[in-house]
Amino acid sequence: MATNDRLQRYLADELGECRDEDLTQRIDELEELDAKAGISTIESDVGVLSAIANETRYKIIRLLYAADEELCVCELSPLLDVSDSAISHALSQLLEAGLVTRRKDGKWRKYRATTRATALVVALEGTR
């Protein structure tokens, strides 16, 4: 396999030589690393990151974070330069990603940033 050939050449450079058992040991170590990374966690995280990888959705998260309370869609609408259907779609995606909660209050729907959304905003702010 070409991937193993490349790894074998790398190990030979690093170790001065590469025996079959060196290659086998390193592949086992790399497979343990892959298991620790957790493929289901990666897929979930990519879904969350994809949900905020849009200006409207990220602005909604930032607004909800800054408000530190529930906001109705009618309160978000004047702050976003998109249609009501685009806001509704964005909120649905954020809800599906677990970044907002929704509560029906009579005929109004109110949204709040989740702990995960708050952690993402704080993390991004901490890197500036």
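It should be emphasised that the depicted structure is a prediction, and the values quoted were computed from it without experimental measurement.

Enquirer: What is the right way to read a negative patch on the surface from this model?
Expert: A contiguous patch of negative charge, built from Asp28, Glu31, Glu32 and Asp34, is present on the exposed surface. Mapped onto the fold, glutamate 31 is located in helix H2 (residues 20-37).

Enquirer: How should the packing of helix H4 (residues 55-67) against helix H6 (residues 84-96) be read in this particular structure?
Expert: When two helices pack together, you describe them by how their axes are tilted relative to each other and by the distance separating the axes. Contact pair H4 / H6: the axes reach a minimum separation of 9 Å and the direction vectors enclose 70°. Viewed along their axes, H4 and H6 adopt a mutual orientation that is roughly perpendicular. Contacts between H4 and H6 involve Thr56, Arg57, Ile60 and Ile61 on the former and, on the latter, Ile87, Ala90, Leu91, Gln93 and Leu94. Tallied by class, residues from the contact of H4 with H6 come to 6 nonpolar, 2 polar and 1 charged.

Enquirer: Help me out: how do you make sense of unusual backbone geometry in this one?
Expert: Trans is the common state for peptide bonds, and a negative phi is the common state for residues other than glycine. Positive phi is not limited to glycine here, since aspartate 68 has a value of about 55°. With respect to the helices and strands, the residue aspartate 68 is situated in the loop between H4 and strand S1 (71-72).

Enquirer: Explain the sheet that holds strand S3 (residues 108-113) here, please?
Expert: Paired through backbone hydrogen bonds, the strands of a sheet run either parallel or antiparallel to each other. Spatial strand order, S1-S3-S2: 3 strands in an open sheet with antiparallel pairing. Edge strands, defined here as strands with exactly one partner in the open sheet, are S1 and strand S2 (100-105). Note that S2 and S3 share 6 bridges and pair antiparallel. Its bridge partner being in S3, arginine 103 is matched across the sheet by lysine 110. Seen against the sheet, H4 touches S1, S2 and S3 and runs at an angle of roughly 85° to S3.

Rules behind the numbers
- Residues numbered from 1 in each chain as written.
- Predicted model: local features only at pLDDT ≥ 70, side-chain atom pairs only at ≥ 80, totals over all residues.
- Heavy atoms only, no water.
- Patch = residues over 30% accessible without salt bridge, like charges linked within 9 Å, V, L, I, M, F, W, Y side chains within 5 Å.
- Areas by Shrake-Rupley, 256 points an atom, 1.4 Å probe, with all protein chains shown as cover.
- Salt bridge = Lys/Arg side-chain N within 4 Å of Asp/Glu carboxyl O.
- Lys, Arg positive; Asp, Glu negative; His and termini not counted.
- Charge placed at Lys NZ, Arg CZ, Asp CG, Glu CD.
- Helix = DSSP H or I, 4+ residues; strand = E, 2+ residues; numbered from the N terminus.
- Axes fitted to C-alpha atoms, helices over the stretch in contact; angles between N-to-C directions.
- Parallel < 35°, antiparallel > 145°, perpendicular 65-115°, else oblique.
- Contact = heavy atoms within 4.5 Å.
- Nonpolar A, V, L, I, M, F, W, Y, C, P; charged D, E, K, R; others polar.
- Pairing = 2+ DSSP bridges.

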